[in-house]
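Residues per chain are reported as follows:
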Amino acid sequence: MNKPAARPAAAAAPKGEAKGGGSSLFAILAIVLAFIVSVIIYKFVMGDPSHFQGGNNENNPIGGDYFGVVYKGGPIVPLLMTMFLCVIIFSIERALTISRAKGSKSIESFVRTIRQKLNVNDITGAIAACDQQKGSVANVVKAGLGKYQEMARERGMEKDQKILAIQKEIEESTALELPMLEKNLVILSTLASIATLVGLLGTVFGMIKAFSALAQGGAPDAVGLANGISEALINTALGIGTSAIAIVAYNFFTSKIDELTYSIDEAGFSIIQTFAAQHGETEHVA
């Protein structure tokens, strides 16, 4: 009896590995593309001479021209822009993935439908509801319902063994479906941490320039001092802003994944509870 239960998990492993490899490739391409776009914007849009006095990007930016102001943030700016674009890209990607995992209808409505079908022992109707719902949650519930039907026909196992088999099937299906929902969240959590640090690094470079302007012999270089302070503040603002958005996105998607996990647990508990009530008696082979 153990061999049939193990085969689905073994067969599904390559599929999961393929999905993981595709997701990793997407992450690499997204980061590289974000960096290229950031450099292009920094060099050719923000660094365009029209944003600076005298038509030279070595001069001070024109008053009120924020492109020129951000350009003066220095070489750390493209890195911070890359991080910001990555936060936006992976937030959109996670939103689409979690939306697909939820399925066509609301999770609450789906779980309620499954519970209603189980209350009247309509397993076929519950499986049909899973086919209509689609998504990761429906796939896990459908796997549990399939095992429910198999155990309902089984006559040579104890009640506890049947329940454990159903529970194991749900857990294995969950282990195959839900990890993909957390894919790339580690990138958001990493960006939330390092964006501030990179911003502070730019701040340090800016302050070094500012103090270098003050340390010059004779009258301090007011322009150099202003540019140094401006670079420090721009990098600080970009770093803190990117980090704040990444933290909000990470916490939001984590809470959504927790909701999906809770829904699966709720549906799985209903499946096991219904089986225990409807097929509680042990039937031994004569």
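The structure under discussion appears in the preceding block.
Residues numbered from 1 in each chain as written. Predicted model: local features only at pLDDT ≥ 70, side-chain atom pairs only at ≥ 80, totals over all residues. Heavy atoms only, no water.

Across its full length, the protein chain holds nine helices and zero strands. Going residue by residue from the N terminus, the α and β elements of the protein chain occur as α-α-α-α-α-α-α-α-α. When each of the 286 residues of the protein chain is scored for burial, the buried share is 38%. Roughly 15,300 Å² of accessible area belongs to the protein chain as shown, and the carbon and sulfur atoms make up 64% of that amount. (Helix = DSSP H or I, 4+ residues; strand = E, 2+ residues; numbered from the N terminus. Buried < 20%, exposed > 50% of the residue type's maximum accessible area, 1.4 Å probe, protein only. Areas by Shrake-Rupley, 256 points an atom, 1.4 Å probe, with all protein chains shown as cover.)

Along the polypeptide, Val-32 turns up in helix 1 (residues 2–46). Classification of Val-32 as partly exposed rests on a relative accessible area of 44%. Here the alpha-carbon distance between Val-32 and Thr-82, two residues 50 residues apart in the chain, equals 8.7 Å.

Let us now look at the nonpolar core. Membership of the largest hydrophobic core comes to 53 residues, with the highest contact counts inside it found for Phe-110, Ile-114, Val-141, Leu-145, Ile-166 and Ile-271. Those elements giving two or more residues to this core turn out to be helix 1, helix 3 (76–102), helix 4 (107–119), helix 5 (123–133), helix 6 (135–153), helix 7 (159–177), helix 8 (185–214) and helix 9 (222–278). The element that contributes the greatest number of residues to this core is helix 9, accounting for 10 residues. In contact with Val-141, other than residues within four places in its own chain, are Phe-110, Ile-114, Cys-130, Ala-267 and Ile-271. Tyr-42, Met-46, Phe-52 and Val-77 belong to the second-largest nonpolar core, a separate cluster that totals seven residues. (Core = buried A, V, L, I, M, F, W, Y, C linked by side-chain atoms within 4.5 Å. Contact = heavy atoms within 4.5 Å.)

Turning our attention to the environment of Ala-195. Mapped onto the elements of the fold, Ala-195 is located in helix 8. With a relative accessible area of 0%, Ala-195 lands in the buried category. Ala-195 sits 45 residues away from Ile-240 along the chain, and the two C-alpha atoms are 6.9 Å apart. In contact with Ala-195, other than residues within four places in its own chain, are Leu-80, Met-83, Gly-239, Thr-242 and Ser-243.

Before going further, it helps to spend a moment on the environment of Leu-176. Here Leu-176 is to be found in helix 7. Each C-alpha atom, one on Leu-176 and one on Ser-136, is 9.3 Å from the other, the two residues being 40 residues apart in sequence.

Now for the packing of aromatic side chains. What characterises a pair of aromatic rings is the spacing of the ring centres plus the angle enclosed by the ring planes. According to the stated counting rule, one finds five aromatic pairs in the structure shown. Judged by centre distance (5.4 Å) and plane angle (70°), the ring pair of Phe-52 and Tyr-71 falls under edge-to-face. Taken together, the residues span a long stretch of sequence, with Phe-52 in the loop between helix 1 and helix 2 (66–71) and Tyr-71 in helix 2 at a distance of 19 residues. On the basis of relative accessible area, Phe-52 is assigned to the buried category, the value being 2%. With centroids separated by 5.4 Å and ring planes inclined at 70°, the aromatic side chains of Phe-252 and Phe-253 adopt a geometry described as edge-to-face. Owing to a relative accessible area of 45%, Phe-252 belongs among the partly exposed residues under this scheme. Through pairs of rings, three or more aromatic residues link up here, namely Tyr-42, Phe-52 and Tyr-71. (Phe/Tyr/Trp six-rings, centres within 6.5 Å; stacked < 30°, edge-to-face > 60°.)

Moving on, we get to the pattern of salt bridges. It is possible for side chains of opposite charge to pair when their charged atoms get near one another. One pass over the full model with this rule turns up five salt bridges. Notably, a salt bridge pairs Arg-94 with Glu-93, separated by 2.5 Å at the nearest N-O pair. The exposure classification of Arg-94 matches that of Glu-93, with both residues buried. With its nearest N and O atoms 2.7 Å apart, the salt bridge here joins Asp-131 to Lys-142. A residue pair is termed long-range when its members are at least 10 positions apart, and Asp-131 in helix 5 and Lys-142 in helix 6 qualify at 11 residues. Judged by its relative accessible area of 39%, Asp-131 is partly exposed. On the accessibility criterion, Lys-142 (34% relative accessible area) is partly exposed. (Salt bridge = Lys/Arg side-chain N within 4 Å of Asp/Glu carboxyl O.)

Relative orientation of the contacting elements helix 5 and helix 6 amounts to 160°, with a least axis distance of 8 Å. For the element pair helix 5 / helix 6, the angle class is roughly antiparallel. Read as a crossing pair, helix 5 and helix 6 show a hand that is left-handed. Each of Ile-123, Thr-124, Ala-126, Ile-127, Cys-130, Asp-131 and Gln-133 in helix 5 lies in contact with helix 6, whose residues at this interface are Gly-135, Ala-138, Val-141, Lys-142, Leu-145, Tyr-148 and Gln-149. Taken together, the residues that form the contact of helix 5 with helix 6 break down as eight nonpolar, four polar and two charged. (Axes fitted to C-alpha atoms, helices over the stretch in contact; angles between N-to-C directions. Parallel < 35°, antiparallel > 145°, perpendicular 65-115°, else oblique. Left-handed = near helix turned anticlockwise from the far one by under 90°. Nonpolar A, V, L, I, M, F, W, Y, C, P; charged D, E, K, R; others polar.)

Nothing here speaks to function; it is all geometry.
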